[in-house]
Amino acid sequence: MSKPLDAIIIGAGHNGLVCAAHLARAGRQVLVLEAASQPGGLGATREFAPGFRASVAHTLPQFGRKLVADLALENHGFRLAASALPTVALCPDGSGHITIADGTLSGACAADTAAYKAYQALLQKFAKAINPFWHKRPPVLGSGGLRDAATLGLFGWNLRTLGKTDLREMMRMIALPARDLMDEYFHSPLLKAALSWDANVGSKLAPRSPNNAVIALLYRMSGDLTGGLPLASGGTGGLMDALAKAACANGAGLRLDSPVAKVVVEQGRAVGVALASGELIRAQKIVSNADPKTSFFQLLGARHLDIQFTHRIRRLRTDGYVAKLHLALDRLPTFTGLAYPGGRLLLAPTMQFIENAYDEAKYGGYARRLPMEVLLPSLQDDRLAPAGQHVLSALVQYAPYTVNGGWDAQRKDFLDNAVASLAQYAPDIRDCIVASELLTPTDLEQQFGLTGGHWHHGEFALDNWWMNRPTYGASQYRTPVSGFYLCGAGSHPGGGIMGAAGSNAAAAILEER
Amino acid sequence: MSPMVRLRASRDIAHIHRGIMPTPFHSRSSRLNLNQQWSQWNGFASAVYYADPQLEYFATRNTCGVFDTSPMRKYRFAGSDAAAMLDRMVTRDVMAQPVDTVAYNVWCTDTGKVVDDGTLFRLGAEEFMLCCADPGYDWFCLAAVGFDAVAITDISEDLAALALQGPTSCALLKALGFAGIDQCKPFQVMRFPFGSGRLLVSRTGYTGDLGYELWVQPQDAELLWDELFTRGGVYGIQPMGDESLEMARVEAGFLAPDVDFHGSLHTVERGHDHSPLELGLGWILNFRKQHFSGRAALIAQKESGNYRRLLKLDIEGNKPAQHSILYADRKCATEIGYITSALWSPVVKANIAYGLVEAKYFGGQIWAEIYHQKELRWQRKVARCTRVTKPFWAPERAKLTPPPDC
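Since this is a predicted model, take the numbers as computed values, not measurements.

Side note on the overall build of chain B
Across its full length, chain B holds nine helices and 19 strands. In terms of overall size, chain B behaves like a compact globule, its C-alpha atoms giving a radius of gyration of 22 Å where 406 residues would be expected to give roughly 22 Å. Over its C-alpha atoms, taken along the principal directions, chain B stretches across nearly 65 × 60 × 55 Å. Among the 406 residues that make up chain B, the fraction classed as buried is 46%. Of all intrachain contacts in chain B linking residues separated by at least 6 positions in sequence, the fraction that spans at least 24 positions is 68%.

Describing the overall build of chain A
Across its full length, chain A holds 16 helices and 19 strands. Each of the three principal axes of chain A carries a C-alpha extent, and together these read 65 × 60 × 45 Å. Going through the 513 residues of chain A one by one, you find that 54% of them count as buried. Counted over contacts in chain A with a minimum sequence separation of 6, partners at least 24 positions apart contribute 74%.

Considerations on helix α3 (residues 110-134) of chain A
Residue and element names in this part refer to chain A. With 25 residues, α3 ought to run about 36 Å at 1.5 Å a step, and its terminal C-alpha atoms sit 35 Å apart, in line with that. Where α3 bends most, the angle comes to about 35 degrees, and this point is Lys128, followed within four residues by the proline Pro132. Those residues of α3 hidden inside the fold are in contact with β8 (104-106), α4 (146-160), α5 (164-173), α7 (189-200), α8 (213-220) and α16 (500-512).

Observations regarding the interface of chain A and chain B
Contacts between chain A and chain B engage 14 residues on the former and 15 residues on the latter. Of all the elements, helix α11 (residues 307-314) of chain A adds the most residues to the side of chain A that touches chain B, at six residues. Broken down by class, the residue content of the side of chain A that touches chain B amounts to five nonpolar, six polar and three charged.

As for the environment of Ala248 of chain B
All names here are of chain B. With respect to the helices, strands and loops of the structure, Ala248 is situated in helix α8 (residues 242-252). Take Ala248: there are 28 C-beta atoms within 10 Å of it, and that puts it in the buried class. It is 17 Å that separates the C-alpha atoms of Ala248 and Ala321, two residues lying 73 residues apart in sequence. Residue contacts for Ala248: discarding those within four places in its chain leaves Tyr57, Thr60, Thr207 and Gly208.

So, helix α3 (residues 53-62) of chain B
Listing the buried residues of α3 of chain B in full gives Glu56, Tyr57, Ala59, Thr60 and Arg61 of chain B. Along its buried surface, α3 of chain B packs onto β2 (44-49), β3 (64-68), β9 (160-165), β13 (237-239) and α8 of chain B.

Comments concerning the sheet that holds strand β14 (residues 309-315) of chain B
All names here are of chain B. Taken in spatial order, the six strands of this closed barrel run β14-β17-β16-β15-β18-β19, and their pairing is antiparallel. Adjacent strand axes in the sheet meet at a mean angle of 40 degrees, parallel and antiparallel pairs treated alike. Judged from the nine bridges that link them, strand β18 (residues 366-374) and strand β19 (residues 377-388) form a sheet pairing that is antiparallel. Considered in β19, the bridge of Lys374 is made with Arg377.

A closer look at the pairing of strand β11 (residues 197-202) of chain B
Residue and element names in this part refer to chain B. By the bridge criterion, six bridges tie strand β10 (residues 189-194) to β11 in an arrangement that is antiparallel. Bridging across to β11, Phe192 finds its partner in Leu199. Taking the residues between adjacent antiparallel strands as the criterion, β10 and β11 are bridged by two residues, where Gly195 takes a positive phi near 55 degrees. For β11 and strand β12 (residues 211-216), the ladder comprises four bridges, and the chain directions are antiparallel. Of the residues in β12, the one forming a bridge with Val201 is Leu214.

As for the domain arrangement of chain A
Residue and element names in this part refer to chain A. Domain annotation for chain A reports domain 1 (5-41 + 66-78 + 235-316 + 470-512) and domain 2 (115-217). Taking the mean C-alpha position of each, domain 1 and domain 2 sit 28 Å from one another. Counting from both sides, the interface comprises ten residues of domain 1 and, opposite them, five residues of domain 2. Residues belonging to the side of domain 1 that touches domain 2 are distributed by class as follows: five nonpolar, five polar and no charged.

Some points on the packing of helix α1 (residues 14-25) of chain A against helix α9 (residues 236-249) of chain A
For any two helices packed against each other, the geometry comes down to the angle between their axes and how far apart the axes lie. Residue and element names in this part refer to chain A. Here α1 crosses α9 at 25 degrees, and the two axes come no closer than 8 Å. Here α1 is positioned roughly parallel relative to α9, judged by the angle of their axes. Taken as a pair, α1 and α9 cross one another with a handedness that is left-handed. Mapping the contact onto sequence places His14, Leu17, Val18, Ala20, Ala21 and Ala24 in α1 and Met240, Leu243, Ala244, Ala246 and Ala247 in α9. Taken together, the residues that form the contact of α1 with α9 break down as ten nonpolar, one polar and no charged.

A look at the pairing of β9 of chain B
The side chains of a regular strand alternate between the sheet's two faces. Residue and element names in this part refer to chain B. Summarising burial for β9: six of the six residues are buried, a large majority. Here β9 shows two buried faces, one formed by Ala160, Leu162 and Leu164 and the other by Ala161, Ala163 and Gln165. Relative to β9, β3 is paired through four bridges, and the arrangement is antiparallel. From the neighbouring strand, Gly65 faces β9, where its bridge partner is Gln165. Pairing analysis gives six bridges linking β9 to β12, with the strands arranged antiparallel. Bridge pairing in β12 links Ala161 to Trp215.

Comments concerning the domain arrangement of chain B
Residue and element names in this part refer to chain B. The domain boundaries assigned to chain B delineate domain 1 (10-70 + 159-252), domain 2 (73-154) and domain 3 (309-389). Its C-alpha centre places domain 1 at a distance of 24 Å from the equivalent point of domain 2. Taken residue by residue, the interface counts seven residues in domain 1 and nine residues in domain 2. Split by residue class, the side of domain 1 that touches domain 2 holds three nonpolar, four polar and no charged.

Brief notes about the sheet that holds strand β18 (residues 433-439) of chain A
What links the strands of a sheet is backbone hydrogen bonding, and the strands pair in either a parallel or an antiparallel sense. All names here are of chain A. On the basis of which strands lie adjacent, the open sheet formed by eight strands has the order β8-β7-β6-β15-β16-β17-β14-β18 and mixed pairing. Whereas interior strands pair on both sides, the edge strands pair on one side only; in this sheet they are β8 and β18. Direction aside, neighbouring strands of the sheet carry axes that sit 20 degrees apart on average. Bridge analysis of strand β14 (residues 322-329) against strand β17 (residues 390-397) gives eight bridges, and the strand direction is antiparallel. Each residue of the ladder has a partner; that of Ala323, found in β17, is Val396.

Things to note about the packing of α7 of chain A against helix α12 (residues 351-362) of chain A
All names here are of chain A. Put simply, α7 and α12 touch, their axes get as near as 8 Å, and they point 50 degrees apart. On the basis of the axis angle, α7 is oblique to α12. Each of Lys192, Ala193 and Ser196 in α7 lies in contact with α12, whose residues at this interface are Met351, Phe353 and Ile354. In the contact of α7 with α12, the residues fall into four nonpolar, one polar and one charged.

Conventions we followed
Residue positions are counted from 1 within each chain, in the order its sequence is given. Think of it this way: whatever chain is written first is A, whatever ligand is written first is 1, and the rest follow in order. It should be noted that, the model being predicted, local features are given only for residues of pLDDT at least 70 and side-chain atom pairs only at 80 or more, the latter also being counted only at that level, while totals for whole chains, interfaces and linings use all residues. Only DSSP runs of H or I reaching four residues or more are called helices, and only runs of E reaching two or more are called strands; each is numbered from the N terminus. With the radius of gyration taken over C-alpha atoms, the globule rule is written as 2.2 Å times the number of residues to the power 0.38. Put plainly, a residue is buried at 20 or more neighbouring C-beta atoms within 10 Å of its own, exposed at 12 or fewer, and partly exposed in between, counting only other residues' C-beta atoms, which are placed from the backbone. Two residues form a contact once the distance between their C-beta atoms, set from the backbone, is within 7 Å. The length a helix should cover is 1.5 Å for every residue beyond the first. A residue's bend is given by the angle between axes fitted to the 7 residues ending at it and the 7 residues starting at it. Throughout, the ten residues Ala, Val, Leu, Ile, Met, Phe, Trp, Tyr, Cys and Pro are labelled nonpolar, Asp, Glu, Lys and Arg are labelled charged, and all others, Gly among them, are labelled polar. When DSSP finds two or more bridges between two strands, those strands count as paired. Lines fitted to the C-alpha atoms define the axes, with helices restricted to the stretch that makes contact. Angles between their N-to-C directions range from 0 to 180 degrees. Segmentation of the chain into domains, including their bounds, is taken from an automatic or database domain assignment. Note on terminology: angles under 35 degrees are roughly parallel, angles over 145 are roughly antiparallel, angles of 65 to 115 are roughly perpendicular, and the others are oblique. What makes a crossing left-handed is the near helix being turned counterclockwise from the far one by less than a right angle; a clockwise turn instead makes it right-handed.

This is the structure we're talking about:
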């Protein structure tokens, strides 16, 4: 690179790539530094057994059309393997599965089917009111800035124009536990468990926990790629490769196998990075796609920050509670009572079942029977497994980051529990397994540089949302150290394969000059 | 069933049973405290005065006074990150502070408000002692977040301390056999073998005069007191209590926590805490060193110029302006601030005070509304105040090495 660098992006996860692509598109000289051997972070599609490939993040509920268009991702190879996966709440005895697809239920009682329409309609109204704000820089209170005032004003306006009745309901519901919300609308325990799943998955929360249930549901409704639950072709890594190509096509550089050890600070300003190899690279701006704890403690150092700010970063809740399970299957397992397992399968008969699993995890244990979200992406995309064989990709709750005895000791037992839990629904699963990969929160932390193995880089919750994400003082992608920025899931709006944090960060950076 | 929590009976907890704790010098100081006038400082008995506060005051100005500072909180910071951790916490350059020196410091919140002030002793490359009037362990632990190699220990009870302050203090220490003490520079630390261990002497104090602070293990405390008072008669030694020390520290231009300012962590009302700039401590803000907590906020405040000023005031007349409100005019129409400390200074022979004045008014006229009693009858007087920029009392001998007359 002949010209001096405008920006270095630390981490080629999807937000880092999105941020790099936007900056490069605006003519900035950008270099992305990635510790791993392939781009994409948790979205990368990796071979976990010979011929079998999977990505940790396996669906794209939050991805938006605008980003696909802005970065011309289709020109760079982005395709969908499925545009609208149905969600199937599996009944343990195979007799009464409930399917959620295209905004309607099948297999549920008439009352629940009707209630679901009303429930969806109300949530969609709420989602519409706050949707614009996922893609805007959060405001700072009392900044005196016009943009902040405008964002706050629009927020107020959008809420107010919900009308008195709906606004009142939104204020009542916004911090409700998922269980209360479900009990208000539905009868079927199976349906309630399934609909509560997205309210809590990924957080240290369960159906009875107040805080983020509704906001998490609305967040998940922010994607508009297809109107359903999309699956990328080539696994989520297919999208990651397209993002990397888009960034590079716009002129960004991408260096793999280049872990950053430290951000170099001179006279209170971030001026470059030191690689683990000892190499020093300078740039005008250093943008970290790492989680806030890694960014501020490991890369930057508390030395350069104020005391109370440092403490707020330390207090971020970053313990992951989800394990990722990848199974290589030599044939398609048979799920009892399900003709074709081609959807997102939820294995949780009741909210109480989820809650019980959570109770174990709170105290460092895990349940004998584990709730999970299961996908067989090879059904949609035959490149993920050898011909006729399959990949099973599952989110398994709850796997506490600090498990009693440590994960080295618990790994086999946890895997046995997960497989036994699967076998309740697919009795022949054990006979199909040729290889497995279990990624505990500790594994996610070690392999992806993710503090606590938390896929949101820090709890996605009301107290850690919008102008408090990751905390005030760093909520506008700028940090207290000039020249140092955040662009990852720890910033607004949060995790999930969305890219909004990367886009918003790029917009904030581009505005500065 | 989980077992019930068993609380210890108060009689089994030594200091609760006693109510107020004795310092390591108490066996000696209580013998001299004729009226048994004690205040409570961090749970310890601290003499208000021993016999006569005026006499004690004049001793520290003309011979020497001894004040028991054992209730001070003392913290040890040790480890390879100690210097960096402290440098990021306090406002002066710790990295450049030489070993065996002391530096007066403040530490601030992110918004640049003073948490507390104190003296930082560098006792080794990786060893420090921080002394402050109030407990601060919780803040120091917060300030150590992100620094792995620093151990913070509350050593308050492990060290007894006396302040020996006044023109004859150096001569007395020399007479006690501490050879070379006359070569000890202001804010320097020296060590001497003493009793069962050693004596740490720092040329520091709270009176603005020539003086030393003596740090000793508690088991050697009584020995230190006895030696000072056995030899000290000819040097005019007097024990001094809170009242005389308070007079001396105002004359010297020093601040008292909870008198002139409140630590930011202890205030509730907005604006009731203070930045170092407001307190006249701009001189210990080092903006050229590496980052310290509150730096950005303080630079912004300094550039704005829009902050209150704690002023040193010389007030006409001889009635101390205690608790007075300050005005911009004789008619007391525009209120602009208030007095934090005030006294008639016998040594300066002036009516002195500190007043906190709003940013808009510190350059203009300042009037104090003083209430005073004459045979129980309250009188009101409005007195003109004149700003003073130097400490009221700063004798040459306080800076000289070797000090005169020793």
